[in-house]
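Observations on chain architecture
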Amino acid sequence: MQLPRDHIVVLLNALYDMDERTITVQHPAAEIGELLRINLGDPQASTVTVKTGAMTYDSIINDIQREYGDEVYNELPNEAAYVKALVASGLADIRNRDEIDTTIKRYGYQDLHEGHPPRYAGFDTNLLPWRMHDVLGIDPELYGEDGAPKPVNGYTLAEGVDEELKHSHRYGHTAMPAAELADVFGTEFERLDGQPNQDSREMRLGLREYRRLRETRPHDVVASDTGDAGIIAGCKEFYADEPTGVILFSNDYGFVDRAREQKVPAVHVEFDLDVPKTITATWDEIALLLYELAVLFGVIVLPKATLYGAWDGKDEQDWQAETIDVQCRSDDLEDILRRDRAIAETYTHL
Amino acid sequence: METVWITSGSTRVEAMINPLAAACIGDGIDDPFIPDTVYFLDNPGLGDTLSEAKTLAREILEGHGVESPTIHTSTLEAETDFEAIAAYFQAAVEDARAADADVAIDVTPGRKFMSVFAFEAGTTYDVDHLFYFYLHSNAYFDQIYQTIPRTAGELYDFTEVI
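Summary of the structure given here. (Residues numbered from 1 in each chain as written. Chains lettered and ligands numbered in written order. Predicted model: local features only at pLDDT ≥ 70, side-chain atom pairs only at ≥ 80, totals over all residues. Heavy atoms only, no water.)

**Some points on the overall build of chain B**
- The helix and strand inventory of chain B stands at five helices and six strands.
- For chain B, the sequential pattern of α-helices and β-strands runs β-α-β-α-β-α-β-α-β-β-α.
- A globule of 162 residues ought to have a C-alpha radius of gyration of about 15 Å, and chain B, at 14 Å, matches this closely.
- C-alpha extents for chain B along the principal axes are approximately 40 × 35 × 35 Å.
- Within the span of chain B, comprising 162 residues, buried residues form 52% of the whole.
- Of the contacts formed within chain B by residues at least 6 apart in sequence, a portion of 74% connects residues at least 24 apart.
- Carbon and sulfur atoms provide 47% of the accessible area of chain B, an area that totals close to 7,000 Å².
- Averaging the coordinates of the 7 positive side-chain charges in chain B and doing the same for the 28 negative ones gives two points 7 Å apart. (Helix = DSSP H or I, 4+ residues; strand = E, 2+ residues; numbered from the N terminus. Rg over C-alpha atoms; globule rule 2.2 N^0.38 Å. Buried < 20%, exposed > 50% of the residue type's maximum accessible area, 1.4 Å probe, protein only. Contact = heavy atoms within 4.5 Å. Areas by Shrake-Rupley, 256 points an atom, 1.4 Å probe, with all protein chains shown as cover. Lys, Arg positive; Asp, Glu negative; His and termini not counted. Charge placed at Lys NZ, Arg CZ, Asp CG, Glu CD.)

**Considering the interface of chain A and chain B**
- In this assembly, 20 residues from chain A lie in contact with 23 residues from chain B.
- Across the interface of chain A and chain B, roughly 1,800 Å² is buried in total on both sides, 63% from carbon and sulfur atoms.
- The largest share of the area that chain A buries against chain B comes from Arg339(A), Ile343(A) and Tyr347(A), three residues that together contribute 34% of it.
- The tally of links from chain A across to chain B stands at one salt bridge.
- Here Arg150(B) makes a salt bridge to Asp17(A), at a shortest N to O gap of 2.6 Å.
- At the boundary of chain A with chain B, the tally comes to 10 residue pairs in polar contact (both at pLDDT 80 or more).
- Looking at the side of chain A that touches chain B, the elements that each hand over two or more residues are helix H1 (8-17) and helix H14 (331-348) of chain A.
- Here the side of chain A that touches chain B gets seven residues from one element, more than from any other, and that element is H14(A). (Buried area = accessible area lost by both parts, 1.4 Å probe. Salt bridge = Lys/Arg side-chain N within 4 Å of Asp/Glu carboxyl O. Polar contact = N/O pair within 3.5 Å; in protein donor to acceptor, adjacent residues only side chain to side chain.)

**Remarks on the environment of Val66(B)**
- Structurally, Val66(B) is set in the loop between helix H2 (49-63) and strand S3 (70-75).
- Through-space distance from the C-alpha of Val66(B) to that of Ile34(B) is 8.0 Å; in sequence the pair is 32 residues apart.

**Quick look at a nonpolar patch on the surface**
Residue and element names in this part refer to chain B.
- A cluster of nonpolar side chains, namely Tyr-134, Tyr-156, Val-161 and Ile-162, defines an oily patch on the protein surface of about 400 Å² accessible area.
- Tracing the backbone through its elements, the reader meets Tyr-156 in strand S6 (residues 153-157).
- Taking the relative accessible area as the measure of exposure, Tyr-156 reaches 30% and is therefore partly exposed. (Patch = residues over 30% accessible without salt bridge, like charges linked within 9 Å, V, L, I, M, F, W, Y side chains within 5 Å.)

**A word on the side chain of Arg191(A)**
Residue and element names in this part refer to chain A.
- Among the structural elements, Arg-191 can be located in the loop between helix H8 (178-185) and helix H9 (198-216).
- Exposure remark for Arg-191: the relative accessible area of 18% places this residue in the buried category.
- In this structure, Arg-191 is in contact with Tyr-308, Trp-311, Asp-312, Asp-325 and Gln-327, ignoring residues within four places of it in sequence.

**So, the pairing of strand S5 (residues 129-135) of chain B**
Residues and elements named next belong to chain B.
- Most of S5 sits out of view: five of its seven residues are buried.
- With three bridges connecting them, strand S4 (residues 102-106) and S5 associate as parallel partners. Within S5, the residue paired with Ile-105 across the bridge is Leu-130.
- Once you follow S4 into helix H4 (residues 112-124) and on to S5, the crossover reads as right-handed.
- One ladder, built from five bridges, connects S5 with S6; its direction is antiparallel. From the neighbouring strand, Tyr-134 faces S6, where its bridge partner is Glu-154. (Pairing = 2+ DSSP bridges. Right-handed = clockwise from strand over helix to strand, strands pointing away.)

**Some thoughts on the side chain of Thr49(A)**
- As for its position among the elements, Thr49(A) is in strand S4 (residues 46-50).
- With a relative accessible area of 18%, Thr49(A) lands in the buried category.

**Things to note about a negative patch on the surface**
All names here are of chain A.
- The grouping of Asp-70, Glu-71, Glu-180, Asp-183 and Glu-190 at the surface amounts to a negative patch.
- Listed by contribution, the elements that provide at least two residues to the negative patch are helix H3 (70-73) and H8.
- By the element assignment, Glu-180 lies in helix H8.
- For Glu-180, a relative accessible area of 39% gives the class partly exposed.

**Some words on the pattern of salt bridges**
Residue and element names in this part refer to chain A.
- For the structure on display, the rule yields 26 salt bridges over all chains.
- For the salt bridge of Asp-19 with Arg-21, the shortest nitrogen-to-oxygen distance reads 3.1 Å.
- Among the residues examined, Asp-19 registers a relative accessible area of 58% and is labelled exposed.
- Shared partners join several salt bridges into a network, and the residues in it are Arg-5, Arg-131, Asp-134, Glu-209, Arg-212 and Glu-322.

**Digging into the nonpolar core**
- Core analysis: the biggest nonpolar cluster contains 119 residues, and Phe123(A), Phe249(A) and Leu290(A) have the highest contact counts within it.
- Of all the elements, helix H12 (residues 283-297) of chain A adds the most residues to this core, at 11 residues.
- Counting contributing residues per domain, this core is built from domain 1 (2-92 + 273-348) and domain 2 (96-165 + 203-268) of chain A, each supplying no fewer than three.
- What Leu290(A) contacts, discounting residues up to four positions off in sequence, is Ile8(A), Leu12(A), Val25(A), Ile38(A), Ile300(A), Leu302(A) and Leu307(A).
- Counting residues in each nonpolar core, the second largest holds 34 residues, with Ala21(B), Ala22(B), Ile29(B) and Tyr140(B) among its members. (Core = buried A, V, L, I, M, F, W, Y, C linked by side-chain atoms within 4.5 Å. Domains from an automatic or database assignment.)

**Here's the deal with the environment of Asp331(A)**
Residue and element names in this part refer to chain A.
- Mapped onto the secondary structure, Asp-331 falls in helix H14.
- Judged by its relative accessible area of 64%, Asp-331 falls in the exposed class.
- When the C-alpha positions of Asp-331 and Lys-304 are compared, they lie 9.1 Å apart, and in sequence the two are 27 residues distant.

Structural data, given as structure tokens:
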């Protein structure tokens, strides 16, 4: 049964009603096993215990690499992506928050009423999957007081970034067969046949954010080539004769250095190497995390339900709608979820 | 035995529907309360909200196994027609009593005076349940029950607590 990201709380409620108040989040592979444990409590501050931290996870996937080779290893998100998923969901923070805030204060908060030109934010391809507009606290619709200057006024969307995000490999076509992955990680992975592989799923998250910003926020689409040099040159050229400016954000020091050499303001977004063992999170953040993990890993296992971030039959519309496929391993859960999902959908379409 | 839910009207569909959804699963109360008959009170100020509430009420009740729920709507000419509000609750309770039904009044939705009349009717006619849906934070004010974290709200039956 498919569930859009916005309605994953419906699943949490259904589990809660079935007295599943502690939600273990597991990878199907026995070698990886339990990633996190969520205690469904306070709606604004539930406890998430990280059972497999990024360092431990890194050592597990290195063992998998030794045993099964690079091709299999590359089908697991790396430890950095694991940390970034927690950041993107709001459960962990970026490492250099102060530096980012200082940069935004210096270049952003343009007072449009005073005639200042707007300032846009541009994200490198490696940051797009991780919901930076929200994580950095810069989005003009989400942050800043009404009528007061906003951190930034919109986004610079380079065509080169779009091009890089669209790059896609599919299991059984341009990536290893899903059946081979299933032999190693579990039969669940058979359902990934024909779907984007791990790296491409990460890019899908980025593509969705790119589209979201393009569809819903003020923006400039900037003609550019791919690669650091292409993206930076495109931005520099676009704004050369414009009063508007850009601040570029990247997770790559090379990109930031190159931009600064070209006199384009740029800042590095740093992620921690690991995440705290115990975290408090809102239910909405937990729902977002489950979505991110389902897409990143392809499959995650919860009590009474298995969540697929990709499955045979997931089409472009499903990606656009950010749906996951929930396979209930309990008929009672399926009945509750089917009923409540239908009501939530009716309400959305009223 | 028939089960009857009597509520008022609100400009917010969530206020009319969330208590009903919580009652049907028994969130916070001793036993689930799944009505087969629902009374709503419309007034000209509500626009399309009441028809939306009826759509959702029907879907919720059918989802809980009520095959063809009966949904009554009374309409006020003006929302300050207090006599008509009082008469609405009285008539709805009398109808329910005549059918020997288990009767609940929901005092959650609508303006404060609506709740006052609902509560007064509930105590005067000694209904079986007097429901109020409480949200711990207004962060979820504009959401339907199914998407509100279960721990963020609770249904109270005032006949149990007072």
